[in-house]
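Chain and residue survey
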Amino acid sequence: MIVQDVINHLHDLAPLAYAEDFDNVGLLVGDKNQKVTGVLVTLDTLEVVVDEAIEKECNLIVSFHPIIFKGLKKLNGKTYVERVVIKAIKNDIAIFSIHTALDNAINGVNSIICDQLGLKNKEILIPQTDTIKKLQTYVPKANAPELRQALFAAGGGSIGNYESCSFNSEGEGTYLGTEDSNPVIGKKGELQIEKEVAISITFQKHLEPIILNTLFKTHPYEEVAYEIVALDNNNQHIGIGMIGELQEEMEAEACLKFIKSQMNTHCVRHSNLLNKPIKRIAVLGGSGSFAIPAAKASGADLLVTADLKYHDFFSAENSIILADIGHYESEQFTKSFLVDYLSKKITNFAIILSKTNTNPVKYL
Ligand SMILES: [Zn+2]
């Protein structure tokens, strides 16, 4: 198994196409064709983590945060980032970062937090737009079922909890093949009027290459007529943050204590407690002040996130409780989730959870 094979499994979980634009996800260091000896999973790739990878004979580090974020202009070992990169290269260790691709995945960072808090009826808090596309194609009536089935098998036609969704309308297609044509139905130089079906399906944008490949492979015509359009729709599968409901409503203070214990954190900084029970909880792992308006609009009683500044707490405006549980703490369960996920997919070498606590923030 090579590095790319491991990446393909991670891509199935969290396609990199849905990472945020500012981010730097993917294979940051190393050769995608290198044979893998072992995988070490960490939140942050520090020098001590690279040392751990060497010691445990893992030549691929799967890191949540990207060690190279703003770009590198020099590689002389003056900063911890440069030293990590130099050490990884010297020791043939590849580094892959998944970061906001996993933040935006429906089974990713925020779903893990919801599960840790036992929340039900989970929904994405800020769904992405511009990530769903629609294909319309025209196919002879007799070939429509086979083409539809092939497009479904390629991942098309999935909407929420429904699969195999399509719309089909019958009509007449016309074409006239030129001298260089070789029509499957009809003769070149003669106008052909054919009973056709227009098939419409939607698909997630990262599937476009496989959808097109399937279309061209399965459609019988020499020239395939089709249109692909980008849709503005909210994507129910992709987006950052999540909202869910507690099994039973809780008093505010008891709820904060519950969150502190479930999220294994030393400290919860929070805004004013409100005199109403907590039922709906919004979560956003990592820096989440940008999600305060969305959490309020969604009717959440409380937002669990991290990296809130002094002035952010004022914006609670007595309509929501803001709870800052710490950046590392909010994302810490992501590590063991990735180990479990990869261990189920890969059995020919070890997937190891790094023993290094990379949290740079200490508490008295
Ligand atoms: Zn983070």
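For clarity, every value in this text was computed on a predicted model and none was experimentally measured.

Digging into the pairing of strand S3 (residues 60–63)
Going residue by residue along S3, you find Leu60 and Val62 tucked away on one face and Ile61 and Ser63 tucked away on the opposite face as well. Sheet topology places strand S2 (residues 39–42) next to S3; four bridges connect them, and they run parallel. Each residue of the ladder has a partner; that of Leu40, found in S3, is Ile61. With helix H2 (residues 47–55) bridging S2 and the parallel S3, this β-α-β connection has right-handed handedness. Here S3 pairs with strand S4 (residues 94–97) via four bridges, running parallel. Among the inter-strand pairings, Ile61 is bridged to a residue of S4, identified as Ile95.

Structural notes on the coordination of the zinc ion
Protein ligation of the zinc ion involves His65 (NE2), His327 (NE2), Glu331 (OE) and Glu331 (OE), the donor distances falling in the range 2.0 to 2.5 Å. Bound by four donor atoms, the zinc ion shows angles of 55 to 124° at the metal and therefore irregular coordination geometry. Taken in sequence order, the residues that donate to the zinc ion follow the motif H-x261-H-x3-E. With His65 in the loop between S3 and helix H3 (80–90) and Glu331 in helix H11 (residues 327–331), this residue pair connects regions lying 266 residues apart in the sequence. We note that His65, like Glu331, is buried.

A short note on the sheet that holds strand S14 (residues 321–324)
Taken in spatial order, the six strands of this open sheet run S5-S10-S12-S13-S14-S11, and their pairing is mixed. Looking at strand neighbours, the two that pair on one side only are strand S5 (120–127) and strand S11 (269–270), the edges of this open sheet. Across the sheet, helix H5 (residues 109–116) lies against S5, strand S10 (239–250) and strand S12 (278–287), angled at about 140° from S12, the strand it touches most. Lying on the sheet, helix H8 (residues 252–262) is in contact with S10, S11, S12, strand S13 (302–306) and S14; it crosses S10 at an angle near 120°.

With respect to the layout of surface pockets
Taken as a whole, the second largest pocket holds about 420 Å³ of empty space. Asp12, Leu13, Pro15, Gln204 and His206 are the residues nearest the centre of the second largest pocket, which is lined by 16 residues in total. Counting residues per element, the lining of the second largest pocket draws most heavily on helix H1 (residues 3–13), which supplies three residues. Residues of the lining of the second largest pocket, tallied by class, amount to eight nonpolar, seven polar and one charged.

Structural notes on the pattern of salt bridges
As enumerated under the stated definition, the model contains 12 salt bridges in all. One salt bridge connects Glu208 with Lys133, and the closest N-O pair in it is separated by 2.7 Å. Taken together, the residues Glu208 in helix H7 (residues 208–218) and Lys133 in strand S6 (residues 132–140) connect sequence positions 75 residues apart. Taking the shortest distance from any N to any O, the salt bridge between Lys276 and Asp301 comes out at 3.5 Å.

A word on the environment of Thr356
Mapped onto the secondary structure, Thr356 falls in the segment after strand S15 (351–353). In sequence terms Thr356 and Ile321 are 35 residues apart; their C-alpha atoms lie 32 Å from each other.

Cut-offs used in this document
- Residues numbered from 1 in each chain as written.
- Predicted model: local features only at pLDDT ≥ 70, side-chain atom pairs only at ≥ 80, totals over all residues.
- Heavy atoms only, no water.
- Buried < 20%, exposed > 50% of the residue type's maximum accessible area, 1.4 Å probe, protein only.
- Helix = DSSP H or I, 4+ residues; strand = E, 2+ residues; numbered from the N terminus.
- Pairing = 2+ DSSP bridges.
- Right-handed = clockwise from strand over helix to strand, strands pointing away.
- Donors = N, O, S within 2.8 Å, 3.2 Å for Na, K, Ca; no water.
- Tetrahedral: all angles 85-135°; square planar, octahedral: opposite > 155°, others 65-115°.
- Contact = heavy atoms within 4.5 Å.
- Axes fitted to C-alpha atoms, helices over the stretch in contact; angles between N-to-C directions.
- 1 Å grid on protein atoms, 1.4 Å probe; cavity = no way out; pocket = protein on both sides within 12 Å on 5 of 7 lines; lining within 4 Å.
- Points joined across faces, edges and corners; volume = space filled by probe spheres on them.
- Nonpolar A, V, L, I, M, F, W, Y, C, P; charged D, E, K, R; others polar.
- Salt bridge = Lys/Arg side-chain N within 4 Å of Asp/Glu carboxyl O.

No statement about biological role is implied by the geometric values presented.
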